[in-house]
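Summary of the model geometry
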Amino acid sequence: MAFLHDMREEKAMVSIDFLTGVGVLLMAFLFASYTISSVMTPYSGYSKELYPAADRAATLLVRDAGYWTDGNDYGTEWNTVWNENQTYVRKIGLIKSDGNNTIDSRKLNVFMQEHTDVSGNISWWEYPTSSTDPAELENVSRTLGLGRNKFYIQIRPVNESLINVSGANAAAIDAVGEQSDVVAVTRLATTELTTFGQFDGADLLGHVNPTKILLVLEPEDFDLITNGITFSISNWIFDDGNNESVFQWIKIGDEINAAYELKDSNMLKDDDYTVFKNGVNVTDSVTFSFNKTDTLGFFIPLETLDSFIPDRYTSGKPIYMQLNVKSEVEVSNEGMTKFSNTKRLIIYPVKMTLWTW
């Protein structure tokens, strides 16, 4: 009987040990499940609803070219019709249409604010900003599928030492603020930064005698017109023995004659444009002198173009700009100096971050 009694006690002891082991394993399993769940679900609450929309929009921006259609024609170069009619754009994608998966800065500059470094070689972009037009913001939200949410996008070089990183950080903080529920999605890509309008004085064309420099922006490049038209001229060529010339005026129009002069053109007044001499605003000088080593920079704002050439997007005509200078300046030949001939490309890796709340 004592033997049977000992066996019953031993069986009871084994059962307690077994239950203790099972309990420990169960607790370990529950802890692991909770930990894995936390890792796999980084957002909770309202953020869980935001993440799919933010992820889709971010992927669309850096993996898709986008497209536009007016009901008859269509294409992926939606940036060429954005200024004409934003409702034509059905999907915004930033990739070039050449299959290289490179972000096209011409698409960025259509709606995003560009910030260029001092050298003018590297940029970062943001959208929206405090000056963004509400109607445009609504169209951008629509084409990104973020119509229900607020958002902020920033694209900057991976090598942040190339830009004013403190300024970029401050812009993001100001835009996003202290939101209780916000999702941030980051994607890596490569940007092809395209610049136009840096003219070499040795290659200028126009009317030969007296010298009238004729620049032309062709319709296929009208997407360059965001806030206006910007260009500069350096490395001037003067007649032998002359070291100085005088800038007199600038005209714009959409028709020229056989001698490469503007006809029915509009001479711009001081408040219609801005001109810089080596970076210094000299617009109020009316006429001013310059030498071979000086760089003249010009900015014709959007308001001036809207006033003088209001039908530029529908006429199919180029925009001509004629600069009148004293005859000391030479042009290499008769003809038109095209913006497209000044195209420069700079390629560098970037990271895009999209915040949604």
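Overview of the structure.

Scanning the protein chain from terminus to terminus reveals 7 helices and 22 strands. Residues counted as buried form 41% of the 357 residues belonging to the protein chain. Taking as baseline every contact in the protein chain between residues at least 6 positions apart, the subset at least 24 positions apart corresponds to 76%.

Turning our attention to the packing of aromatic side chains. In total, this model carries 14 aromatic pairs according to the counting rule given. Centre to centre, the rings of Phe231 and Phe298 are 4.9 Å apart; their planes meet at 15°, and the pair counts as stacked. Highlighted residues: Phe231 in strand β12 (residues 228–234) and Phe298 in strand β18 (residues 296–301), separated in sequence by 67 residues. Judged by relative accessible area, which is 2%, Phe231 ranks as buried. Judged by relative accessible area, which is 1%, Phe298 ranks as buried. Among the aromatic residues, those joined into a ring-pair cluster are Phe199, Phe231, Phe247, Phe288, Phe298 and Phe339. The residue whose ring lies beneath Lys251 is Trp249, and the NZ or CZ to ring-centre distance is 4.8 Å.

Side chains that carry opposite charge are capable of pairing whenever their charged atoms lie near each other. Tallied over the full model, the rule gives 12 salt bridges. Among the salt bridges present, the one from Lys338 reaches Glu218, with a minimum N-O distance of 3.8 Å. Here the residue Lys338 occupies a position in strand β21 (residues 337–338), and Glu218 occupies one in the loop between β11 (212–217) and β12, the gap between them amounting to 120 residues. By relative accessible area, which is 31% here, Lys338 ends up partly exposed. In this structure, the salt-bridge partner of Glu255 is Lys317, at a minimum N-O distance of 2.8 Å. Highlighted residues: Glu255 in the loop between β13 (244–253) and β14 (266–267) and Lys317 in the loop between α7 (312–315) and β19 (319–325), separated in sequence by 62 residues.

Judged by which residues are buried, strand β17 (residues 288–291) turns out to be one-sided: Phe288 and Phe290 face inward and are buried, whereas Ser289 and Asn291, on the alternate face, are not. Pairing of β13 with β17, which is carried by 4 bridges, proceeds in the antiparallel orientation. The partner of Phe247 across the bridge, within β17, is Phe288.

The next subject is the sheet that holds strand β3 (residues 89–92). Spatially, the 3 strands line up as an open sheet ordered β2-β1-β3, and their pairing is antiparallel. Of all strands in the sheet, those bounded by a partner on one side alone are β2 (74–75) and β3. In terms of strand pairing, strand β1 (residues 66–69) meets β2 through 2 bridges, oriented antiparallel. Across the sheet, residue Trp68 finds its bridge partner in β2, namely Gly75.

A word on the sheet that holds strand β15 (residues 274–277). Taken in spatial order, the 5 strands of this open sheet run β9-β12-β18-β15-β16, and their pairing is mixed. Edge strands, defined here as strands with exactly one partner in the open sheet, are β9 (198–200) and β16 (280–281). The pairing of β9 with β12 spans 3 bridges and is classified as parallel. Opposite Asp200, over in β12, you have Ser234 as the bridge partner.

Of the positions making up helix α4 (residues 134–144), those classed as buried are Glu136, Asn139, Val140, Ser141, Thr143 and Leu144. Directly beyond the C-terminal end of α4, a positive phi value near 75° is found at Gly145.

In terms of strand pairing, strand β4 (residues 103–104) meets strand β8 (residues 183–195) through 2 bridges, oriented parallel. Within the sheet, the bridge partner assigned to Ile103 lies in β8 and is Thr191.

We now examine helix α5 (residues 165–176). Taking 1.5 Å per residue as the helical rise, α5 with its 12 residues ought to reach 16 Å, and the 17 Å between its terminal C-alpha atoms agrees with that figure. Buried residues of α5: Ala168, Ala171, Ala172 and Val176, and no others. All buried residues of α5 lie within an arc of 110° about the axis, which places them on one face of the element. What points out from α5, more than 90 degrees from its buried face, is the exposed set Ser166, Ile173 and Asp174. Lining the buried residues of α5 we find β6 (123–127), β7 (151–157) and β22 (344–356).

The rules behind each value
Residues numbered from 1 in each chain as written. Predicted model: local features only at pLDDT ≥ 70, side-chain atom pairs only at ≥ 80, totals over all residues. Heavy atoms only, no water. Helix = DSSP H or I, 4+ residues; strand = E, 2+ residues; numbered from the N terminus. Buried < 20%, exposed > 50% of the residue type's maximum accessible area, 1.4 Å probe, protein only. Contact = heavy atoms within 4.5 Å. Phe/Tyr/Trp six-rings, centres within 6.5 Å; stacked < 30°, edge-to-face > 60°. Lys NZ or Arg CZ within 6 Å of the ring centre and 35° of its normal. Salt bridge = Lys/Arg side-chain N within 4 Å of Asp/Glu carboxyl O. Pairing = 2+ DSSP bridges. Expected span 1.5 Å × (residues − 1). Arc of directions from axis to C-beta.

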